[in-house]
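For reference, the chains in residue letters:
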Amino acid sequence: MTTVLAGMLAACGGSSNPDTQLLASVEAVTQALSPSRAPGANFNLAPFTLQLPTGSSGKVDTVSGASLAGGYTSQYYFYTDSSDGAMVMMDPAQGWTTSGSKHPRTELRENAIWTTNGQNRLNATVAVTRVPSNTAIAQIFQGTGPSKPLCELQVTSGGAVKLFLEDTNQGGSGKTYTITSVPLGTRFNYELSLTGSTITVTVNGTVKTFTMDSSFNGESFYFKAGNYDQSAVSGPPLTTPGTIVKFYALTLTHQ
């Protein structure tokens, strides 16, 4: 089953050149986004729940997929860029956190969970326009088990795109691997996928694979996409911009 979650056109004119296809796809997505619409009108967000840095400690505000599809926006944290139609997620330097987390977030959480038997892919076109240290723009998270991430795709203030991979399903320790670098504020494409025990990360054509630790075997997972600032702290939420991530395309695939 394949679900298209952005205004991405299905075909790129049948070109046999992957780079031409990619450029055409990005251009088509940009043209499809309306600056006057809420994110849920430009993107199919029904399969997600939005987690916000507001609410209270350990019990943040969430927005259902139905409400997102119905036109939900937040003046400070979740809105459409009036110049290019991008879906903007702002994470403040201080805000309330989910249970077990040290950092606030403005992040979409996939509602369904899935096994690793099939091909599971998250694709996006994004630009990180502001980040004081580093932020996670995508995650594969345990849907069963100790409720810890398997991995996080992160972007640093210097433009490095890295994968943080947990050592075990208990969390608390992991390793960070550099994938590539992208100038801050520049759009780029990523794919994060999990099939069997193989994690594949693709950023602007650079592909790297990793092996999931055996402690995760037999578990189910879900994707997350958004802005999870690793330097932000818990506390009453600020409304001044901390980290800003802009999405131009978002595709979720399970086969």
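Look above for the structure.
So, here's what we can say about the structure.

About the criteria used
Residues numbered from 1 in each chain as written. Predicted model: local features only at pLDDT ≥ 70, side-chain atom pairs only at ≥ 80, totals over all residues. Heavy atoms only, no water. Helix = DSSP H or I, 4+ residues; strand = E, 2+ residues; numbered from the N terminus. Contact = heavy atoms within 4.5 Å. Phe/Tyr/Trp six-rings, centres within 6.5 Å; stacked < 30°, edge-to-face > 60°. Lys NZ or Arg CZ within 6 Å of the ring centre and 35° of its normal.

It is worth spelling out the environment of Gly 143 at this point. Mapped onto the elements, Gly 143 comes out in the loop between strand S9 (134-142) and strand S10 (149-156). The spatial distance from the C-alpha of Gly 143 to the C-alpha of Tyr 222 is 6.0 Å, given a sequence separation of 79 residues. Apart from the residues lying within four places of it in its own chain, the contact partners of Gly 143 are Ile 113, Ser 220, Phe 221 and Tyr 222.

This brings us to the packing of aromatic side chains. Geometrically, a pair of aromatic rings is defined through the distance of the ring centres and the angle of the planes. Scanning the model with the defined rule gives seven aromatic pairs in all. Judged by centre distance (6.1 Å) and plane angle (40 degrees), the ring pair of Trp 114 and Phe 221 falls under tilted. Of this pair, Trp 114 sits in the loop between strand S7 (106-110) and strand S8 (120-130) while Phe 221 sits in strand S16 (residues 221-229), placing them 107 residues apart in sequence. Centre to centre, the rings of Phe 216 and Phe 221 are 6.3 Å apart; their planes meet at 40 degrees, and the pair counts as tilted. Aromatic ring contacts, followed pair by pair, group Trp 114, Phe 216, Phe 221 and Phe 223 into a single cluster. We note Arg 105 situated over the ring of Tyr 228; from NZ or CZ to the ring centre the distance is 3.9 Å. The ring of Tyr 248 carries the charged tip of Arg 187 above its face, separated from the ring centre by 3.6 Å.

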